[in-house]
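Tertiary structure, described
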Amino acid sequence: KKYSTLIVDDDATSIQIIKKNIKHQFTDIESIHTAKSINQGLEKYSLIKPDILLLDINLGNDTIFSLLEVIAPSESEVILISSHKDFAVEAVDHNIAAYVLKPVETSDLKKGILKAMGKIVKKEAALKNKLDFIFFMRKWHLTAAQCMNP
């Protein structure tokens, strides 16, 4: 599977560090999109529906939690990035894949992305199992109906 990401951070240097780490560590991430504000992040999210969101918590006078309230959390795995430990408790309420402290350490970012990828694989497997079950039940129902009405 090839993954897409969206980095939302108002610090250009931080974006470049994260992009560089992703490019060097993950060949299965085929696209890395960026945004520097919540509004820009929401616009890009709506267009690309990334698999993984890497979000700085503090963006200007707002926090990224306002964006998380708008987007469907089950559609993308979220990795929160912050220089503050204070938001860890609130982050848990948003069912995030990982919480990475700034300055971003390559190993922490890698662990977070691998965890997000693992959650995506599990979600896709669960969906496939549901679809397989629905298909089986429909097929069984048709077979049973044919037996009752030959």
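Fair warning: this is a prediction, and the values are worked out from it, not measured in the lab.

**Considering the overall build of the protein chain**
On a plain count of helices and strands, the protein chain comes out with five helices and seven strands. The helix and strand sequence of the protein chain, counted from the amino end, reads β-α-β-α-β-β-β-α-β-α-β-α. Here the protein chain has a C-alpha radius of gyration of 19 Å; the compact-globule value for 150 residues is 15 Å, and the former is much larger. Seen through its principal axes, the protein chain has C-alpha atoms that stretch 70 × 30 × 30 Å. Burial statistics for the protein chain: of 150 residues in total, 37% are counted as buried. For the protein chain, restricting intrachain contacts to residue pairs at least 6 apart in sequence, the fraction spanning at least 24 positions comes to 67%. Taking the average place of the 20 positive charges on the side chains of the protein chain and the average place of its 19 negative ones, the gap between the two points comes to 9 Å.

**Some words on the pairing of strand E3 (residues 52–56)**
Among the five residues in E3, five count as buried, and that is most of the element. Neither face of E3 is left uncovered, since the one carrying Ile52, Leu54 and Asp56 and the one carrying Leu53 and Leu55 both have all their residues buried. Here four bridges tie strand E1 (residues 3–8) to E3, and the two strands are oriented parallel to one another. The residue of E3 that forms the bridge with Thr5 is Ile52. Bridge count for E3 against strand E6 (residues 77–82) is five bridges, and the pairing is parallel. Looking at the pairing, Leu53 lines up with Val78 of E6.

**A word on the side chain of Asn21**
Structurally, Asn21 is set in helix H1 (residues 12–25). Among all residues touching Asn21, those that are not within four sequence positions of it are Thr106 and Leu109.

**Digging into the sheet that holds E6**
Taken in spatial order, the five strands make up an open sheet running E2-E1-E3-E6-E7, and their pairing is parallel. Lying at the two open borders of the sheet, with one neighbouring strand each, are strand E2 (29–35) and strand E7 (98–101). The mean angle between the axes of side-by-side strands here comes to 20°, regardless of whether they run parallel or antiparallel. As judged from the four bridges shared by E6 and E7, these two strands associate in the parallel manner. The partner of Ser82 across the bridge, within E7, is Leu101. Together, E1, E2, E3 and E6 form the strand contacts of H1, whose direction differs from that of E2 by roughly 175°. Its contacts with the sheet place helix H2 (residues 38–48) against E1, E2 and E3, and it is angled at close to 170° to E1.

**Focus on the environment of Ile64**
Note on placement: Ile64 falls in the loop between strand E5 (62–63) and helix H3 (65–70). A relative accessible area of 0% means that Ile64 is categorised as buried. If we skip the residues at most four places from it in the chain, Ile64 touches Val8, Ile38, Leu55, Asp56, Ile57, Leu59 and Leu80.

**Thoughts on the packing of aromatic side chains**
Tallying each qualifying case throughout the model produces zero aromatic pairs. Over the aromatic face of Tyr3 sits the side chain of Lys1, whose NZ or CZ is 5.3 Å from the ring centroid.

**Regarding the side chain of Glu77**
Along the polypeptide, Glu77 turns up in strand E6. Accessibility expressed as a relative area gives 5% for Glu77, which makes it buried. For Glu77, the contacting residues outside a window of four places in its chain are Asp51, Ile52, Leu53, Ala97, Ala116, Lys119, Ile120 and Lys123.

How each quantity is defined
The written sequence of each chain sets the order in which its residues are numbered from 1. Only residues with pLDDT of 70 or above have their local features reported here, since the model is predicted, and side-chain atom pairs are shown and tallied only from 80 upward, although totals for entire chains, interfaces and linings are computed over all residues. Each side-chain value is worked out from all heavy atoms of the structure, with water and hydrogens disregarded. A run of H or I in DSSP becomes a helix once it reaches four residues, and a run of E becomes a strand once it reaches two; helices and strands are each numbered from the N terminus. C-alpha atoms define the radius of gyration, and 2.2 Å times the number of residues to the power 0.38 defines the globule rule. Think of it in three bands: residues with accessible area under 20% of the maximum for their type are buried, residues over 50% are exposed, and the middle band is partly exposed, with areas taken using a 1.4 Å probe on protein chains only. The contact definition used throughout considers only heavy atoms, calling two residues in contact when any of these lie within 4.5 Å. When charges are counted, neither His nor the chain ends are considered; positive counts come from Lys and Arg and negative counts from Asp and Glu. By convention, the point assigned to a charge is CZ for Arg, NZ for Lys, CD for Glu and CG for Asp. Here, any two strands with at least 2 DSSP bridges between them count as paired. Helix axes are fitted to C-alpha atoms over the stretch in contact, other axes to C-alpha atoms as well, and angles between N-to-C directions run from 0 to 180 degrees. Put simply, two rings from Phe, Tyr or Trp (the six-membered ring, in Trp's case) pair if the centres are within 6.5 Å, and we call them stacked under 30 degrees between planes, edge-to-face over 60, tilted for the rest. Here, a charge over a ring is recorded when the distance from Lys NZ or Arg CZ to the ring centre is within 6 Å and its angle to the ring normal is within 35 degrees.

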